[in-house]
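Close look at the chain arrangement
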Amino acid sequence: MKPLFQGACTALVTPFRLDFVHTEVYDQLLDRQLQAGIAAVVVCGTTGESATMTDQEKLELIAHTVSYVRGRCKVIAGTGSNDTAHGVALSREAARLGADGLLLVTPYYNRATDRGLIAHFSEMAGAAGIPCMLYNVPSRTGVDISVPVYRALSEHPNICGVKEASGSIAKVARIRQACGDGFSIWSGNDDQTVATMALGGQGVISVLSNLYPQTMVRLAGLCLAGRYREAGALQAALMPAMDAMFCEVNPIPVKAALRLAGFDVGHCRLPLTEPSPEHLDLLKTCLGLA
């Protein structure tokens, strides 16, 4: 299957104002991404606090993003759930609203078996009828997709690849070997962008690009051009910023950093709270504000 996108994709934060999504600020964030030449954006993903958004909020934001972007980059909607029927309904609606692709997280809490994972993802991908990207993030879900499951799902006509955030570069190589070139792999961790792309990955779904979209576009572009020595040097220079984005659970640091940078993105919804004073100082140093 043709890659859904190549290069850098931003996992966008969702700006909140009181109890609603602040679309004016959201559009400012979208403009920065589009001006930087971002290949895609993920809306209603982990960084967008999908876990505390209502279905209505999600679908309205997906529709708004599709309308605002107007084909200038790919729009990937997070519609995964630990309830297959719920995920199917969201996926159908997101496809109807014009999303280019879907991001389907592993079903958290239920701890499905391999057979259950295959059935779960197949149901959602079949219902959506558009390219679907699996999302493996065991540190959050408690479930790590095995290589045999990837191999089975790679044969589904609507499943195009995976956002791999297990943290294992060896696993990226094993997925590539088992599934071949037609199953795309995107790094789900900023600090593994170069290594993943050197193993044949198509790009990165980035948190840091909320702050530095042009830099992450350049990093992925260097990798796509095979200029890995330069890409490695750039990633090494970015490591302090990448580390700072995860000094507390995502998206606490990146939303705080965006506020420090002058974007009125609001605060995270509970149960996520504000960063500690020490981590706020770290973010200020990262942005050159200390």
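See the structure printed just above.
Residues numbered from 1 in each chain as written. Predicted model: local features only at pLDDT ≥ 70, side-chain atom pairs only at ≥ 80, totals over all residues. Heavy atoms only, no water.

1. Here we look at the overall build of the chain
Broken down by element type, the chain carries 12 helices and 10 strands. Taken over C-alpha atoms, the radius of gyration comes to 18 Å for the chain, in line with the 19 Å a tight globule of 290 residues would show. By principal-axis analysis of the C-alpha atoms, the chain measures approximately 50 × 45 × 35 Å. Taking all 290 residues of the chain together, 52% fall into the buried category. Partitioning the intrachain contacts of the chain with sequence separation of at least 6 by distance along the chain shows that 71% fall at a separation of at least 24. Taken as a whole, the chain presents about 12,000 Å² of accessible surface, with 52% of it coming from carbon and sulfur. For the chain, the centre of its 24 positive side-chain charges and the centre of its 26 negative side-chain charges are spaced 6 Å apart. (Helix = DSSP H or I, 4+ residues; strand = E, 2+ residues; numbered from the N terminus. Rg over C-alpha atoms; globule rule 2.2 N^0.38 Å. Buried < 20%, exposed > 50% of the residue type's maximum accessible area, 1.4 Å probe, protein only. Contact = heavy atoms within 4.5 Å. Areas by Shrake-Rupley, 256 points an atom, 1.4 Å probe, with all protein chains shown as cover. Lys, Arg positive; Asp, Glu negative; His and termini not counted. Charge placed at Lys NZ, Arg CZ, Asp CG, Glu CD.)

2. So, the packing of aromatic side chains
Counted by the stated rule, this structure contains 2 aromatic pairs. Ring centres 5.1 Å apart and planes at 20° place the aromatic pair phenylalanine 5 and tryptophan 186 in the stacked group. Residue phenylalanine 5 is located in the segment before β1 (7-11), and its partner tryptophan 186 is located in strand β9 (residues 184-187); the two are separated by 181 residues in the primary sequence. In this structure, phenylalanine 5 and tryptophan 186 share a single accessibility class: buried. Sitting over the face of the ring of phenylalanine 16, arginine 269 holds its NZ or CZ atom 3.9 Å from the ring centroid. (Phe/Tyr/Trp six-rings, centres within 6.5 Å; stacked < 30°, edge-to-face > 60°. Lys NZ or Arg CZ within 6 Å of the ring centre and 35° of its normal.)

3. A short note on the pairing of strand β7 (residues 132-136)
In terms of residue burial, β7 counts as a mostly covered element, since 5 of its 5 residues are buried. In β7, alternate side chains face the same way, and those of Cys132, Leu134 and Asn136 on one face and Met133 and Tyr135 on the other are all buried. As paired strands, strand β6 (residues 101-105) and β7 are joined by 4 bridges and run parallel to one another. Following the sheet pairing, leucine 103 is matched in β7 by methionine 133. Once the chain exits β6 it traverses helix α4 (residues 114-128) before rejoining the sheet at β7, and the crossover so formed is right-handed. As defined by bridge partners, β7 adjoins strand β8 (residues 159-164) across 5 bridges and the pair is classed as parallel. Looking at the pairing, methionine 133 lines up with glycine 161 of β8. (Pairing = 2+ DSSP bridges. Right-handed = clockwise from strand over helix to strand, strands pointing away.)

4. Concerning the pattern of salt bridges
Scanning the model with the defined rule gives 9 salt bridges in all. The partner of arginine 269 in a salt bridge is glutamate 57, with the nearest N and O atoms 2.8 Å apart. Highlighted residues: arginine 269 in the loop between α11 (252-260) and α12 (277-286) and glutamate 57 in helix α2 (residues 55-69), separated in sequence by 212 residues. The exposure class of glutamate 57 is buried, given its relative accessible area of 13%. Here arginine 151 and glutamate 155 are joined by a salt bridge, their closest N and O atoms 3.1 Å apart. (Salt bridge = Lys/Arg side-chain N within 4 Å of Asp/Glu carboxyl O.)

5. Comments concerning helix α3 (residues 84-96)
Taking 1.5 Å of rise per residue, the 13 residues of α3 would be expected to cover 18 Å, and the 18 Å separating its terminal C-alpha atoms lies within 8% of that figure. For α3, the set of buried residues is Gly87, Val88, Leu90, Ser91, Ala94 and Ala95. Of the surrounding secondary structure, the elements contacted by the buried residues of α3 are α2, β5 (74-78), β6 and α4. A distance of 3.2 Å separates the backbone nitrogen of alanine 85 from a side-chain oxygen at the start of α3, and that oxygen is part of aspartate 83. (Expected span 1.5 Å × (residues − 1). Polar contact = N/O pair within 3.5 Å; in protein donor to acceptor, adjacent residues only side chain to side chain.)

6. Some remarks on the side chain of serine 154
Within the secondary structure layout, serine 154 lies in the loop between α6 (147-153) and β8. Residue classification places serine 154 among the buried positions, given a relative accessible area of 18%. From its side chain, serine 154 meets the backbone oxygen of arginine 151 in a polar contact 2.7 Å long. If we skip the residues at most four places from it in the chain, serine 154 touches Cys179 and Phe183.

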